[in-house]
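Here's the letter readout for the chains.
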Amino acid sequence: MRDEKCVNRVLLSAGLLMAAGLALQGCGGGGGGGGGFFPIPAPAPAPAAPPPAGPSGPSVEQLKSTCNGLRGQVLAGVTVTQTARFEAKTAVNASGFCQVLGTRAPFLDIEIDVPDNWTGRYWQQGGGGFDGRIASAVTKDGGGAVTAVDPTLAIKGAVYAASNGGNRASVPAQAAPGVWASGTAEGQQSATDYAYAAVGTTLRFGKAVAQAFFGKAPTHSYFNGCSNGGRNAYIAAQRWPQEFDGIVSGCETMDMAGQTSAWLRAASLTGTPAALSPAQTGAAYAAALSACDALDGASDNLIGNPQACSFDPAVLQCGMAGASSDPALCLSAAQVGTLQSFLSPLKLSNGSTVLSGYSWGNGLGLGWGGLGGGFALLASGDPAWLTPARQAGFQLETDYYMLGSGLARIGADHDKAAIASYVASGRKLISWHAGSDALLSPNDHYRNWTTMTGIARSLGLADPNSATRFFIVPGGGHGAGGSLQEVDWASAIMGWVENDDAPTQLTYNFTSGGTARSMPACQYPKYPKYKGSGDVNAAASYSCS
């Protein structure tokens, strides 16, 4: 199934997740709040101006003929099930294109979009949540009319590729994570596809489709993704380094064993006096926002520099002067300890860091069991991890090692040395994170990125900054900045690869409280600082410092 429209952000409990067997999906997050789980970026509309003309090649009539003739063919092991022709549409897509849909057993579905004005670029988009839907390049309204086309296709003239990750959210028996627990060969293949194989199959199919249309391989290839798409992006770097010239990986941590451990450790508190209600979590974030809003020089209802926010939830303990008088909102001593644990490094008894602490974000601790249980199932093969009862028994000292070995064995986790080798080869990697992500830790992402760059140095790359850079999207919740309409990652990575134009500062466009805003997305460790004058809603009024 293709994801042709953004779905509402929802927090699914572990029980609902198991019962429904649905992927966790969401739209790109906005400023100042929590985003949905593992979002699939929404396509940005194309401008009215036509894109640059592509290299000489087949005529439009020849491309139409190829589009029709691909139906039923098998390319790179994928059967073409459907093709559709989209003609140019003013202010949406200045060039016509062919959409090619394919499938590979058991449940892997793929979309490839081929523009008439191909510029030689290939762009592969990662998924979201437990996948189950294709991050389609095409957005349609309720009547089926095309309203937007992904800018990499409409503006950059790239062949666009995306998949459903190897499962179908609209078919309960074929939806993750439940299908992985089915005990069937199809379920095992679906798990392997989600872990890594769908990325490779989509890559081979996408480039074979480009070859079928134009008789040659792409000149430049890119991968982009946020959250699970960010995990896909790192998987692409470590498994198929020769296939991608540039990669953008956002809102992931480069260590799923550590992140899953944090999720399950929080889930183990469910039903205990230390657990937090959604209302308490929201009230705590509101208090942190009030205390830290102005740290970037502007009071604008977001924490522009979460790293500088040292707000201690201890002041929210019932009976304290700063606490709410509402017993449903103030915190017990045990609940204060829970929030403090989220904001502090998660460590083993030997002192090793499992996960760097979170910065303040809206929704800390909420919905973590569903994701943690799904990844624990991948690691162990044990369906019991989808249940609150098994999650309640999580033991960090032993289960962390199970998660590490199991996720590595199935191919769902990361090899930092392989990613460092990709970077040391001179190919380009942009890593980024929303600063107030309450789902995947931005601080742990940066810690692991730093470890990776250290390995790259040991491989002979004197200055990792020449090949990889880390950016923070200010104030946003999970997935904020994931849409190319919010941050133009496409121009950033393409400019770096094709013109050696290394990005130093990007612009984050978002809406907050109904107001259109923009702020700098700074190269870490810099954050946006208000200059003291000018419109607080305009990026020009801030500097990265």
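Shown above is the structure to which this text applies.
Residues numbered from 1 in each chain as written. Predicted model: local features only at pLDDT ≥ 70, side-chain atom pairs only at ≥ 80, totals over all residues. Heavy atoms only, no water.

### Description of the state of the cysteines
Overall, the coordinates contain five disulfides when judged by the stated rule. Each sulfur in the disulfide pair cysteine 67 and cysteine 98 lies 2.0 Å from the other. Classification of the bridge connecting cysteine 67 and cysteine 98 rests on its S-S torsion, roughly 80 degrees, and on that basis the disulfide is right-handed. One end of the pair, cysteine 67, is in helix H2 (residues 60-69); the other, cysteine 98, is in strand S4 (residues 97-104), with 31 residues separating them in the sequence. As far as burial versus exposure is concerned, cysteine 67 and cysteine 98 are alike and both buried. A sulfur-sulfur distance of 1.9 Å marks the disulfide that ties cysteine 226 to cysteine 251. Note that cysteine 226 is positioned in strand S11 (residues 220-226) and cysteine 251 in the loop between strand S12 (246-250) and helix H6 (256-267), a separation of 25 residues in sequence. Since its relative accessible area comes to 0%, cysteine 251 is described here as buried. The connectivity of the disulfide-linked cysteines in the protein chain, indexed sequentially, is 1-2, 3-4, 5-6, 7-8, 9-10. (Disulfide = S-S within 2.5 Å. Helix = DSSP H or I, 4+ residues; strand = E, 2+ residues; numbered from the N terminus. Buried < 20%, exposed > 50% of the residue type's maximum accessible area, 1.4 Å probe, protein only.)

### What about the sheet that holds S4?
Read from one edge of the open sheet, twelve strands run S2-S3-S4-S5-S10-S6-S11-S12-S15-S16-S18-S17, paired in mixed fashion. The open sheet has two free edges, formed respectively by strand S2 (74-75) and strand S17 (505-512), since each of these has just one partner strand. Sheet topology places S12 next to strand S15 (residues 428-434); five bridges connect them, and they run parallel. Each residue of the ladder has a partner; that of valine 248, found in S15, is isoleucine 430. (Pairing = 2+ DSSP bridges.)

### Quick look at the packing of helix H4 (residues 185-214) against helix H5 (residues 228-239)
Where H4 contacts H5, the axes come no closer than 10 Å and their chain directions differ by 60 degrees. With respect to their mutual orientation, H4 and H5 come out oblique. At the point where H4 passes H5, the crossing takes the right-handed sense. Taken together, the residues of H5 that come into contact with H4 (itself represented by Tyr194, Ala195, Tyr196 and Val199) are Asn228, Arg231, Asn232, Ile235, Ala236 and Arg239. Here the residues of the contact of H4 with H5 sort into six nonpolar, two polar and two charged. (Axes fitted to C-alpha atoms, helices over the stretch in contact; angles between N-to-C directions. Parallel < 35°, antiparallel > 145°, perpendicular 65-115°, else oblique. Left-handed = near helix turned anticlockwise from the far one by under 90°. Contact = heavy atoms within 4.5 Å. Nonpolar A, V, L, I, M, F, W, Y, C, P; charged D, E, K, R; others polar.)

### Side note on the packing of H6 against helix H11 (residues 396-410)
Where H6 meets H11, the closest approach of the two axes is 9 Å, and the angle between their N-to-C directions is 140 degrees. With respect to each other, H6 and H11 are oriented oblique. The hand of the H6/H11 crossing is right-handed. The segment H6 lies against H11, with Met256, Ala257, Gly258, Thr260, Ser261 and Leu264 engaging Leu396, Tyr400, Leu403, Gly404 and Leu407.

### Describing the packing of aromatic side chains
Throughout the structure, instances matching the rule amount to 26 aromatic pairs. Here tryptophan 385 and phenylalanine 394 contribute two aromatic rings whose centre-to-centre distance is 6.5 Å and whose plane-to-plane angle is 65 degrees, an arrangement assigned as edge-to-face. Taking the centre distance of 4.8 Å and the plane angle of 20 degrees together, the rings of tryptophan 432 and tryptophan 489 count as stacked. Taken as a pair, tryptophan 432 in strand S15 and tryptophan 489 in helix H14 (residues 489-499) lie far apart in primary sequence, 57 residues in all. Within the aromatic cluster, the residues linked to one another by ring pairs are Phe130, Trp180, Tyr194, Trp263 and Phe375. The residue whose ring lies beneath lysine 207 is tyrosine 122, and the NZ or CZ to ring-centre distance is 5.6 Å. Geometry around tyrosine 196 places arginine 239 over its ring, the cationic atom sitting 3.7 Å from the centre. (Phe/Tyr/Trp six-rings, centres within 6.5 Å; stacked < 30°, edge-to-face > 60°. Lys NZ or Arg CZ within 6 Å of the ring centre and 35° of its normal.)

### A word on the pattern of salt bridges
In this structure the tally under the stated criterion is eleven salt bridges. The partner of arginine 85 in a salt bridge is glutamate 87, with the nearest N and O atoms 3.0 Å apart. Given the relative accessible area of 25%, arginine 85 is considered partly exposed. Judged by relative accessible area, which is 42%, glutamate 87 ranks as partly exposed. Between arginine 517 and aspartate 300 there is a salt bridge whose closest N-O contact spans 2.9 Å. Taken together, the residues arginine 517 in strand S18 (residues 515-523) and aspartate 300 in the loop between helix H7 (278-292) and helix H8 (333-342) connect sequence positions 217 residues apart. What you see here is one network of salt bridges that share partners, running through Glu61, Lys64, Arg85, Glu87 and Asp116. (Salt bridge = Lys/Arg side-chain N within 4 Å of Asp/Glu carboxyl O.)

### Focus on the pairing of S11
Of all seven residues in S11, six are buried, a share of seventy percent or more. Sheet analysis places strand S6 (residues 121-125) next to S11, joined by five bridges and oriented parallel. Across the sheet, the residue bridging to tryptophan 123 is tyrosine 222, located in S11. The sheet contact formed by S11 and S12 spans five bridges and is parallel. Residue pairing for S12: glycine 225 is matched across the bridge by serine 249. Handedness of the crossover joining S11 and S12 through H5: right-handed. (Right-handed = clockwise from strand over helix to strand, strands pointing away.)

### A short note on unusual backbone geometry
With an omega of 5 degrees, the peptide bond between alanine 176 and proline 177 qualifies as cis. Counting through the fold element by element, proline 177 comes out in the loop between strand S10 (159-163) and H4. Cis geometry marks the peptide bond from tyrosine 524 to proline 525, where omega comes out at 15 degrees. Positive phi, close to 65 degrees, is recorded for alanine 91, a residue that is not glycine. With relative accessibility at 38%, the residue alanine 91 sits in the partly exposed group. The backbone of methionine 254 sits at a positive phi, close to 65 degrees, despite the residue not being glycine.

None of the figures reported here should be taken as evidence of function without further support.
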